[in-house]
Each structure stands twice: as C-alpha cells, then as structure tokens.
Amino acid sequence: MAKERAQDVHFEDGEEGGDGEEEFIDPNDVLAEVEDDGDMPMDEDDEAMFETHDGSSFAEGSIVWEDNSIQHFPTHQGSVFAVTTHPTAPLAASGGEDDLGYIWDLTTGDVVVKLTGHTDSVVAVAFSSDGEYLATGGMDGKVRIWRRVGKDNYEKWEFVTELTGPDEVMWLRWHPKGTVLLAGSNDMTVWLWQLPSGNTMQVFAGHTGPVQCGDFTPDGKRIITADAEGTLLFWDPRSPTPVFKLTPTDARFSLDGITSLAVNPASTLAVVGGASGGVRVVSLSKGEVVGALAGHQEGESVEAVEFVELAPGSASAASGGVVVTGATDGKACIWDLSTNRLRATLEHKDAVTSLHRLPAPKGHLIVSASADKALRTWDARTGTLVREHKGHTGAVLGAALGLGGGVVVSAGDEGTCLVFATE
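All figures in this text were calculated on a predicted structure; none of them were measured in a lab.

Draft legend 1. Region of the structure containing the pattern of salt bridges. If you walk through the whole model with that rule in mind, you get 12 salt bridges. Salt-bridge contacts for Arg 173 lead to Asp 215; the nearest nitrogen and oxygen are separated by 3.6 Å. Highlighted residues: Arg 173 in strand S12 (residues 169-174) and Asp 215 in strand S16 (residues 211-216), separated in sequence by 42 residues. Residue classification places Arg 173 among the partly exposed positions, given a relative accessible area of 34%. Given a relative accessible area of 26%, Asp 215 falls into the partly exposed group. Arg 376 is paired through a salt bridge with Glu 388; the nearest N and O atoms lie 2.8 Å apart. One end of the pair, Arg 376, is in strand S30 (residues 375-379); the other, Glu 388, is in strand S31 (residues 384-389), and 12 residues separate them in sequence. Classification of Arg 376 by relative accessible area gives buried; the value is 12%. Salt bridges sharing partners connect three or more residues here, namely Glu 66, Arg 376, Glu 388 and Lys 390.

Have a look at this one:
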C-alpha cells in the first residue's frame, strides 16, 4: 500500500531532464539512492516537490513523511473529530468539521454512504451493538439515526429519524445489548432514547456544567455521567433521580472538572479523570471515592481512561483490575487497582487523545492515539511498545479498533482517516 501511494517527483514548469524529456522517478525507487548521471543539478529555488496522501506537499530536502498505514480515507473537507467501527463488518464511520458523516469501507477506503443533514460539525458517531444502526451527533444539537437496509450486506443504509433535545451533542453511546441511545449535551442534560421509534425515555438533569463524558455500565444496568464542573452522577435508566452523586464539595473528589471516565468490566468501579491531572477510583456499590491515582502532571487534563485485561480470571481482575489513564502531559499511566500502584508509564511526545483495549484474548494490548500525529500499540503487561502507527500530518483526534481488533482506524486533524494493522 505504501508503494502504491508513493508519488512521482515532478519539476516546476520549464525544468526538464538532461535529454529534454520530463523525468519521473519510478515509485518503486523512491527513497533509493540514484547514481549521478551527469545531469545538471536544479537551482536551489527549484526543489523537487513530493506530495503526501492528504494532498500536502514537501520539498525533497525536507523530512520524508513516514506512512505505514494500510488504507486511507481522505474525503472529509476539514478536521475529522470522530471515528468508529462496525462490530462485525469491515466498515468505519467518521464525522468532521465539514458537517458531514461518512460510512466507508475499511479495506478499500471507498465511501459507502454520505451522511448529510447536520448544520454544524459532526463530533460523535456510533454503531449500535448489533451493527444495524448508526447514530451521528453534531454541534447543531441534532442526533441523526441511520439503519442498514436488508440483510444481505452492509452496502445500503437509510435515514430513519432525527432526535432533538440537546443544545450541542458532546458524546453518544449505545446500550451494550439494545437499541437504546444515550447522549451528553453541552447544556447540562443527558438524553436517553428508544429506537427506532425515537421516543425519549429519559432526560437526566442534575449536572452543573457541560456533560463531557458518560456511558452505560458494561452490564447495561446503570448509566454514569460527569460534567465540566466536577459532578459525577450514577443513574438507574428507569428513574430521573440519581442513585448517587459526587460533587467537588467532597474534598476527596475535587477534580477541577471531569474530562474522562471508564467503568471496569465487572461494573463495580469507575475511574474518573480530571481537568488538572487528578484521577479518582469510585466504588459504584458504595457511591464513594476508594482511591486516588497520582501520576499525571498537575494542570494537565486526563483525556482518556481504559481498562485492560492482563490475565483473565486473575486476582487483580477480581479486585478491580488494571486501568490505563492518558493525559495532555503525553503520558499513559498503567495502574493496578488492587494496590492503586503505578505499574508502568507509556510516553508520547504530545497529548494522549484516546486509549483502546484490544478484545480478548489480546486484552493486554492497548492502542494510544496522540496529538504527536502517531498512534502506538503497547503491551500493558510490560509497558513495551509493540508497534508505532505513522502517517498523519496533524494531531490524531480519535481512534477505534476494527475487524476484531486487527486494525486501528484513526481520525486526523488534517482531515484524513487512516487504517493501520494493530500489531
């Protein structure tokens, strides 16, 4: 794939090779040394220009951009803010600054469906757990639902309904088992809808700031949401009143705003990341803080939290497991929750933007995405780097694992989605 994408060198108008014909380098020979054939060198002002897959160009003398992706999707016109993958089919969906979403083929990079109807950036995209529905969420406050047509393949999708209510959608999550959709809003509300009817099941109120993160617990029985003012709420989906609430007035919980969270596979603990580097462990049965994890630089926000599975059925899994937290300090910290001790620190050159655990039996592997334009696959047991994924020319704003964890799909600030082999 890299060879296919190598671009010919082209000269400025009027610059020709020594025999009067334009010279092109065979893509197979790019980056190989070529012996001097006696041609006159070009003037310094007339450097050969290379072109990268996203259309930007760089001079021959500058750094060659490394690209080990296996596929790319350059269709968005502007930053790509969100990407997700289908649970079974080789499909990705992405949303961007161009107010558009796309469903596209991971293997070919071809558009399957263009998802229109938003009037502002599409910042959230999510396939339902059964893969039959896709939701897009925008800064316009709209949530638009699409459904697969027929049972033969995943090539045709139809628009089903538009859900309204939120002021500005911040995130979307489908129920782990059913066609129920959860959305967090900038206006301090959380919305729960039943699909395909689109009926509103619940509007959760009680937050005091934009609801920056939230999810269903893995068992599907509860909902957890958190806001920019530092309040965490735990809900029974059937009730508009929270099961418990933690606020910054509890000194043990003060986080200067909550930026990320995750719930362990047993649905017993939440790990909550704060805007100034703090991390808290919360017991969901007791509704109280049971630990504080100090490993990130103060003042740097914790952007991602993800549980990993080092050894299924191990003692550490039973007592809370192992969690990874990623922050704007460029670090991803691996924590053992049975002792609340730091196991290892993974390093990027810029902010860590998202973390993704591979499915079993490779739950010990985790992929980190970063503003340093790269993604990395790590072995969380040892903290060793398994593979680095390069090819973006801008910050990686989001990522998702596809094809059973075999590939990672990334969303770039420069407007391109890339697909990489995870290992």
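Draft legend 2. Representation of unusual backbone geometry in the model. Cis geometry marks the peptide bond from Leu 195 to Pro 196; its omega dihedral reads 10°. Note on placement: Pro 196 falls in the loop between strand S14 (190-194) and strand S15 (199-204). Omega for the peptide link from Ala 360 to Pro 361 comes to 5°, which places this bond in the cis form. Within the secondary structure, Pro 361 is located in the loop between strand S28 (352-357) and strand S29 (365-370). One non-glycine residue, Leu 403, lies in the positive phi region at around 50°. Here Leu 403 shows up in the loop between strand S32 (396-402) and strand S33 (407-412).

Draft legend 3. Quick peek at the sheet that holds strand S21 (residues 269-274). An order of S20-S21-S22-S23 is seen for the 4 strands of this open sheet, with the pairing classed as antiparallel. Edge strands, defined here as strands with exactly one partner in the open sheet, are strand S20 (258-263) and strand S23 (288-293). Taking the axes of each pair of neighbouring strands and ignoring which way they run, one obtains an average angle of 25° across the sheet. Direction of pairing for strand S22 (residues 279-283) relative to S23: antiparallel, over a ladder of 5 bridges. Bridge pairing in S23 links Val 279 to Leu 293.

Draft legend 4. Region of the structure containing the sheet that holds S30. The 4 strands lie next to each other as S28-S29-S30-S31, forming an open sheet whose pairing is antiparallel. In the strand order of this sheet, the two ends are held by S28 and S31, each with one partner. Between one strand and the next, the sheet's axes are offset by a mean angle of 25°, whatever the strand orientation. Where S30 and S31 come together, 5 bridges link them in antiparallel fashion. Each bridged residue has a counterpart across the sheet, and for Thr 377 the counterpart in S31 is Arg 387.

Draft legend 5. View of the UniProt feature "repeat: WD" (unreviewed entry) in the protein chain. The residues that UniProt annotates with the feature "repeat: WD" (unreviewed entry) are residues 73-114, 115-146, 172-203, 204-245, 319-345 and 345-388. Secondary structure content for residues 115-146 is 0% helix and 53% strand, and the end C-alpha separation is 8 Å. Within the segment residues 172-203, helix and strand shares are 0% and 59% respectively, and the terminal C-alpha atoms sit 14 Å apart.

Draft legend 6. Broad picture of the environment of Gly 214. The topology assignment puts Gly 214 in strand S16. Given a relative accessible area of 4%, Gly 214 falls into the buried group. Setting aside chain neighbours within four positions, we find Gly 214 in contact with Trp 171, Arg 173, Ile 224, Thr 225 and Leu 261.

Draft legend 7. Spotlight on the packing of aromatic side chains. The tally for this structure, following the rule as stated, stands at 9 aromatic pairs. Geometrically, the ring pair formed by Tyr 154 and Trp 157 is tilted, given 6.4 Å between the ring centres and 35° between the ring planes. No difference in accessibility class separates Tyr 154 from Trp 157, as the two residues are buried. Grouping aromatic residues by their ring pairs yields a cluster made of Phe 73, Tyr 102 and Trp 104. A cation over a ring is seen here: Arg 148 above Tyr 154, with NZ or CZ 3.9 Å from the ring centre.

Draft legend 8. Representation of the nonpolar core. Ranked by size, the top nonpolar core spans 17 residues in total, and within it Ile 224, Leu 232, Phe 253, Ile 258, Val 272 and Val 282 carry the most contacts. Contributions of two or more residues to this core are made by strand S17 (223-227), strand S18 (232-235), strand S19 (244-246), S20 and S21. If one sorts the elements of this core by residue count, S20 sits on top with 3 residues. Sequence-distant contacts of Ile 258, that is, excluding residues within four places in its chain, are made with Gln 212, Cys 213, Ala 226, Asp 227, Ala 228, Gly 230, Thr 231, Leu 232, Phe 253, Val 272, Gly 273 and Gly 274. Val 143, Ile 145, Leu 163 and Trp 174 belong to the second-largest nonpolar core, a separate cluster that totals 15 residues.

The rules behind these values
- Residues numbered from 1 in each chain as written.
- Predicted model: local features only at pLDDT ≥ 70, side-chain atom pairs only at ≥ 80, totals over all residues.
- Heavy atoms only, no water.
- Salt bridge = Lys/Arg side-chain N within 4 Å of Asp/Glu carboxyl O.
- Helix = DSSP H or I, 4+ residues; strand = E, 2+ residues; numbered from the N terminus.
- Buried < 20%, exposed > 50% of the residue type's maximum accessible area, 1.4 Å probe, protein only.
- Pairing = 2+ DSSP bridges.
- Axes fitted to C-alpha atoms, helices over the stretch in contact; angles between N-to-C directions.
- UniProt positions renumbered as here; feature names shortened; annotations may be inferred.
- Contact = heavy atoms within 4.5 Å.
- Phe/Tyr/Trp six-rings, centres within 6.5 Å; stacked < 30°, edge-to-face > 60°.
- Lys NZ or Arg CZ within 6 Å of the ring centre and 35° of its normal.
- Core = buried A, V, L, I, M, F, W, Y, C linked by side-chain atoms within 4.5 Å.

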